[in-house]
Structure formats: C-alpha cells, structure tokens
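Here's the letter readout for the chains.
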Amino acid sequence: MNTIKMYLKTIRLSLYISFKASVPIMLLRLITLLIGSFIPLINMIALKNIINGLVTTDYSITMYYFLLLGMAQILSAVIGKLTNFFATIHADKISLIITEDIIDGVNKLDISYFDTPKLFDEMMSVSRDINSIPSLIWTILSSIQVVVQLIIAFIIMANFGWWVSLFICLTCIPNFIVDKRNALQMYNWNRGIVSEVRKMNYSYDTLTSKYFSKDIRIKSITEYLKDKYYRKWFSWYNEKRKLTKKHFFGSFFTMFLPHAATLLFAYVLINNILQSKNTVGDFSYYLGIMNQLITCTFGLVGAISEIIQQKTKIEHYNKFKNWKPAILQPVNGIKATSFESLEFSHVSFSYPNTDELVLNDVSFVIHSGDRIGLVGKNGCGKSTIIKLILCLYKPTKGTILLNGIDVFKYDIGSYRMLISEMLQDYVNYSFTLRENIITADIQSDCTEEKIIKACRMSDAYSFIKKWPNGIDSFLTKSFDEQGVELSGGQWQKLALSRFFYKKASFYILDEPSASLDIEAESTIFNNVLNQLSGTTILLVSHRLSNIKMMSKIIVLDNGQMIETGSHDELMQKKGLYAYLYNIQQEKFN
C-alpha cells in the first residue's frame, strides 16, 4: 500500500512540474500520444487484410487496405515529429523550472550551510538527479499510451482466451523484478560515492581552470594532478564495471521468457492456419498483437520500475527545495529605515559544527556618526564581527540590537540596505565594469555619472578612462577577447568603487587597502573621511596608521574585547594596541 502511495505521489509531483512548465504543451503531448496509440493497430489490421487479399487475389480489398496502410504511415511520421518537437521544447521549459527551484533553494539558505560539505554533496546529487525528471515525465506520458495499447491487445487476444494474454504478461514479471533490484542498487551506489566523485571532478576542474593555470605551470604539477584524477576515475570505473557486470548476468536469462512464450503462441497459430481455423493474414495480425502485448507489458512494468526508482530522486529534489535556513526571516519583520545605533550585547559565537568560541562575551555600541576602528591579531574575530553585523550568522549567545531592537526582528533585506560593505574576500564578476559596480545597489537608479563618481573616489577611474569601451568593458577575457585583465590592486579599487557606489548609513571596510600602494591608500582614506562625513564607519585594518584616524578603537584578542578608546587613550594604556602600533612605527622608521 505504501509503495502505491509513493508511486502515485511521484506521478502527481511530476505532472505538477509538467503543467507548471507549460499547460498547452502538456495537453498537446497527451493528444499526440493518444492518437499515436491507435496507429500500430491500424497498421496490423491493414497488413492482415493486404495479405488475405493477396492470397485470395481480391484486388479491391488489397488496394483499399494498402491506401489505409500508407495513410497510417504518414500519420505515424507526423505524430512522431510532433511528439519529438513538443517533448524537446517541454523538456527545456521543465529544466528552467527545476533550475530556478535549485537557484532559489540555494540562495534562501544562509552562509552557514556553505561551511560543511553536506550542501555541496547534496547539490551535486540533486543536480544530477533532476536531469532525469524530463525523461521521467516522458515515461509517465508514454505509460498512458502503453496502457491504451495494452487494453487493445488484451481485447483482441481474448479470441484465444484470456489466459493467453495473462500468461504472456506473467512471463515479463521476473525480468521486471530483477531490473528493479538492479536499478535500486545502481542508484544507491551513485548516492554513496558523491563525495568521491566531487573530489574527482575537483581535480579535473583544477587542471582546466584559469585560476590555477599559472601555479600549475610554474610548479610543473600537471602530471601530479592528472595522477590524482586518474586514481579516482579508475576506482570509480572499476566499481561501476563490477556492479554492471553483476546486473548483466543477473538479468540475462529472465529476458528470454516472454520470447519463448511468443514462439509457443506462433506454433499454435501456424497449426490453426494449416487446419484453416485462421487465415494467413491472421498470422501477421496476431503475432503483431502478441509482440505489442509483450512490448507494452515490458514498457508498463519498466515505467513502473523507473517511476519507483525515480521516486527517491524526486524525494531528494523535494527535500532540497524545502531546506530551511538557520536564520529565518521574521513574519511581518520590521522595516529598517534608519541607523541610530548598533549594539553587541554579550555576544559569543562559534562556527557551525564546532564548539570553539571565536567570540566570547563581546559587548560594544556603535552610534550614528561614529568612526570605529577594529584591531587585533590574525584570527582574533574581527571578520567574524562583520559577518555577524551583516546577519550572515546568528550569535551563539547574546544579542545584536539595531536601534535598541533585536536585529533578527527586522526584515533582513531592509536592514542590509542600510549598510555598504567591502569585505576582505570581496568577489570579482566576469561582467562588464558597469554591471560589476551596480551589483552594490541593484535597486537604485543607475547613471553613468554615479558610476564614474564612485570610480573616482576609489582612484579606479585613472585606469578605466584609458579603456576603449570605458565602463562597458568586460572584466577578464572569459567572455570577450577584448576583456580587460586587472592586477590585484586594480581589482581592489573596483571593489572599493562598489563600496562608494551605494549610498548607505553605515559603511564597513575590512582590510580595504591590502593590495594598494601607499599613494592610492592615502587618496582613498582621504575620500572615506571627507566624502562619507556624517555617516557611520567601521574600519578593520592591520595598518594602524589608518586606524588612528578613527574616533574610537576596539581591540580584540582571542575573541575577547580587551581594550577600547581613542588612539591617544590606548597609547597611554600601553596595552596590546600600543604594542602593535609601536612595532609598525619601528618598521616604517
């Protein structure tokens, strides 16, 4: 009973996806399949009567059914072409629906999901599984045609007794059972090796990626990486070959049972013709019906087997769609419209799947108009604080408050619109420069003047103005041979252009000048201080000569806030900040 329920659930979901993709195309596919169901019967009737007409030399009957056979052949060709045409465009529309579901499913998840391999394993499994959904829908539609043809065959074969049709169908069952078992074993094997296949694919992607190309050539590690790929591939291939071989021999004998039954029926039919119980044309007719009965039985049990097998894939696809983010958007969340203060109240945090506290009982308040510097050694929790401010993670303990209200009671999207950030691991898109910049604030009106102003503030316009296509130049040569390749410092200036492009209340910079020369760094920080006056700024930097310009400095060590104050106040305390600052000054001197 449970199997039937799962079978029907799989069909229902598949049909839902089909009609969602396109109702008209789905209906046209059903109509062409139903029409196509009767063409084999017309062919067999025509052929039977042509043979009988030839035997009895009845010219008029022979020519009549010859014309009918010709019309059936033409109709079959037209229906075949229409079926393939509708199936192709429908499959594309179905693929779009499924792709959209995956994109939406991944992007609704918060960043914590990307900290474990589970997401990547699941994405690879789902991406592979969904490729079979269009073929599953084809199987379901074809099974409708098969059922119609099977009913026709049963009715016609009733002339020889119902037991004949039943016997023929029963001979197909053993092969169905074996194939179902083999398919399930193969699917479970594929699911079990997803992690290893991802490692194999990573080796291939590494060998063919531009990102790794320089390092591979400089270090001459092509053969080493190829060896890693081949070892994984041969391990995968040998396991699959072993399983496929086992399945082949396991189903070798069961496949002959229906054909043996057909030969037995043909022998009975020949005897009937010799005894004048049937005509010569009946031999072709009934043997064709018998083959249709076997083919349809195989087709139906095969369709049932595939639907049951695909049930697991559909379930995984459905489960993936229903994954819930760890940070849930509040129902009717408060719209964030202004920035008055941001407070960390006894915040502690550890990353997913670890108990190690990256932040431990951190408390501070940032008021509107403050210019805050965040300082500490590597790994002390500076970037983690920024991720928490951006609501990429939720605190393990404690509360983050915007204007005195828990930040997670706000609509997260409206809250983030108050912030313009430049992260340490900023991203580069292989789009045009214009498209790269406007990703910072896709909702606002985009003008060329606004983009150029942002590029001037980041000191990027000095090289952009030399490009033939200006702000419409492609970055990298991935999609355009005339694309521009940039240095690390130039990419960082473009990231800063995005930062300046967005008009915000709260600006966050995480190591914004790591790849810049001293002159460019000085220009940019002057623009930060002068052009963003009256706004709130949070700066993370190891260059304390920039941090000293902030009105308040927070010093972190081992995830705890150990000092706070202005540059002069912290120098008088002679703590960690003073120690780090003096080291840098000695180095520069």
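Above this text is the structure in question.
Residues numbered from 1 in each chain as written. Predicted model: local features only at pLDDT ≥ 70, side-chain atom pairs only at ≥ 80, totals over all residues. Heavy atoms only, no water.

**Student:** Just checking my understanding: could you explain helix 16 (residues 448–457) for this structure?
**Tutor:** Counting along an α-helix, one turn takes 3.6 residues, and residues three or four places apart therefore face a common direction. Among all positions in helix 16, only Ile451, Ile452, Ala454, Cys455 and Met457 are buried. Looking at the packing, one finds that the buried side of helix 16 touches helix 15 (433–438), helix 17 (461–464), helix 18 (488–501) and helix 19 (518–531). Once helix 16 ends, the next one or two residues include Asp459, with phi positive near 70°. (Buried < 20%, exposed > 50% of the residue type's maximum accessible area, 1.4 Å probe, protein only. Helix = DSSP H or I, 4+ residues; strand = E, 2+ residues; numbered from the N terminus. Contact = heavy atoms within 4.5 Å.)

**Student:** What is the right way to look at the packing of aromatic side chains in this model?
**Tutor:** As enumerated under the stated definition, the model contains 18 aromatic pairs in all. A network of ring pairs unites the aromatic residues Trp233, Phe234, Trp236 and Tyr237 as a single cluster. The ring of Tyr285 has Lys48 sitting right over it, with the charged end atom 4.7 Å from the ring centre. Here the basic side chain of Lys394 rests over the ring of Phe408, its NZ or CZ set 5.1 Å away from the ring centre. (Phe/Tyr/Trp six-rings, centres within 6.5 Å; stacked < 30°, edge-to-face > 60°. Lys NZ or Arg CZ within 6 Å of the ring centre and 35° of its normal.)

**Student:** What's the story with the pattern of salt bridges in this structure? I'm lost.
**Tutor:** One side chain can pair with another of opposite charge once the charged atoms of both are near each other. Going through the model one piece at a time under the given rule, you end up with nine salt bridges. Measuring nitrogen to oxygen at the nearest pair gives 2.8 Å for the salt bridge that ties Arg434 to Asp472. Within this pair, whereas Arg434 is found in helix 15, its partner Asp472 is found in the loop between helix 17 and helix 18, the two being separated by 38 residues in sequence. Looking at Arg434, the relative accessible area reads 22%, which means it is partly exposed. Judged by relative accessible area, Asp472 falls into the partly exposed class, the value being 39%. Across the salt bridge formed by Lys493 and Asp459, the nearest N and O atoms sit 3.1 Å from each other. You can see Lys493 sitting in helix 18 and its partner Asp459 sitting in the loop between helix 16 and helix 17, a full 34 residues away along the chain. Residues joined by salt bridges that share partners form a network here, namely Glu196, Lys199 and Lys232. (Salt bridge = Lys/Arg side-chain N within 4 Å of Asp/Glu carboxyl O.)

**Student:** Mind showing me how you'd approach the pairing of strand 8 (residues 536–540) here?
**Tutor:** Every other side chain in a regular strand lies on the same face of the sheet, so the side chains alternate between the two faces. Among the five residues that make up strand 8, five are buried, leaving the element largely enclosed by the rest of the structure. The pairing of strand 7 (residues 506–510) with strand 8 spans five bridges and is classified as parallel. Across the sheet, residue Leu509 finds its bridge partner in strand 8, namely Leu539. (Pairing = 2+ DSSP bridges.)

**Student:** Help me understand the sheet that holds strand 2 (residues 359–367) in this model?
**Tutor:** Sheets are built from strands that pair by backbone hydrogen bonding, the pairs being arranged parallel or antiparallel. The antiparallel open sheet is built from four strands, whose spatial order is 2-1-4-5. Here the strands that pair on one side only, and so sit at the sheet edges, are strand 2 and strand 5 (405–406). Inspection of the sheet shows strand 1 (residues 341–349) paired to strand 4 (residues 397–402) by five bridges, in the antiparallel sense. Across the sheet, Ser348 pairs through a bridge with Lys397, a residue of strand 4. Contacting strand 1, strand 2 and strand 4, helix 13 (residues 382–389) runs over the sheet at an angle of about 120° to strand 1. (Axes fitted to C-alpha atoms, helices over the stretch in contact; angles between N-to-C directions.)

**Student:** It is not clear to me how the sheet that holds strand 6 (residues 419–422) should be interpreted in this structure. Could you clarify?
**Tutor:** The strand order across the open sheet built from six strands is 6-7-8-3-9-10, with neighbouring strands paired in mixed fashion. Whereas interior strands pair on both sides, the edge strands pair on one side only; in this sheet they are strand 6 and strand 10 (560–565). Averaged over all pairs of adjacent strands, the angle between their axes in this sheet comes to 15°, without regard to strand direction. Each of strand 6 and strand 7 is contacted by helix 18, which is oriented at about 175° to strand 6, the strand it contacts most.

**Student:** What am I meant to see in the packing of helix 8 (residues 194–208) against helix 10 (residues 222–250) here?
**Tutor:** Relative placement of two packed helices is described by the angle separating their axes and the distance separating the axes. It is at 9 Å that the axes of helix 8 and helix 10 come closest, and there the two elements cross at 150°. By the angle between their axes, helix 8 is roughly antiparallel relative to helix 10. The interaxial crossing formed by helix 8 with helix 10 has left-handed handedness. Between helix 8, through Glu196, Val197, Lys199, Met200, Ser203, Tyr204, Thr206 and Leu207, and helix 10, the contact on the second element is made entirely by Thr222, Leu225, Lys226, Lys228, Tyr229, Lys232, Trp233 and Trp236. Residues belonging to the contact of helix 8 with helix 10 are distributed by class as follows: eight nonpolar, three polar and five charged. (Parallel < 35°, antiparallel > 145°, perpendicular 65-115°, else oblique. Left-handed = near helix turned anticlockwise from the far one by under 90°. Nonpolar A, V, L, I, M, F, W, Y, C, P; charged D, E, K, R; others polar.)

**Student:** Would you mind showing me how to read the nonpolar core here?
**Tutor:** Nonpolar side chains in soluble globular proteins generally cluster together in the buried interior. Counting 48 residues, the largest nonpolar core has Ile464, Leu494, Phe500 and Tyr577 as its most contacted members. When residues of this core are assigned to their parent elements, the largest contribution, seven residues, is made by helix 18. Ignoring anything within four residues of it in the chain, the contact list for Leu494 reads Leu433, Ile437, Ala460, Phe463, Ile464, Leu475 and Leu486. Of all hydrophobic cores here, the second largest spans 36 residues; its members include Ile327, Ile366, Leu418 and Phe506. (Core = buried A, V, L, I, M, F, W, Y, C linked by side-chain atoms within 4.5 Å.)

**Student:** Looking at this structure, I do not really get the side chain of Ser350. What am I missing?
**Tutor:** Tracing the backbone shows Ser350 in the loop between strand 1 and strand 2. One polar contact links the side chain of Ser350 to the main-chain carbonyl oxygen of Thr354, over a distance of 3.5 Å. (Polar contact = N/O pair within 3.5 Å; in protein donor to acceptor, adjacent residues only side chain to side chain.)

**Student:** Can you help me understand helix 13 in this one?
**Tutor:** For helix 13, the buried fraction is high: six of the eight residues fall into the buried class. Within the sequence span of helix 13, burial applies to Lys382, Thr384, Ile385, Ile386, Leu388 and Ile389. In the stretch just after helix 13, Cys391 is the one whose phi turns positive, near 60°.

**Student:** Would you mind showing me how to read the pairing of strand 3 (residues 371–376) here?
**Tutor:** Most of strand 3 is tucked away, with six of its six residues classed as buried. Residues Arg371, Gly373 and Val375 of strand 3 are buried on one face, and the alternating residues Ile372, Leu374 and Gly376, pointing to the opposite face, are buried as well. Alignment of strand 3 against strand 8, held across four bridges, turns out to be parallel. Residue pairing in the sheet places Gly373 in a bridge with Leu539 of strand 8.

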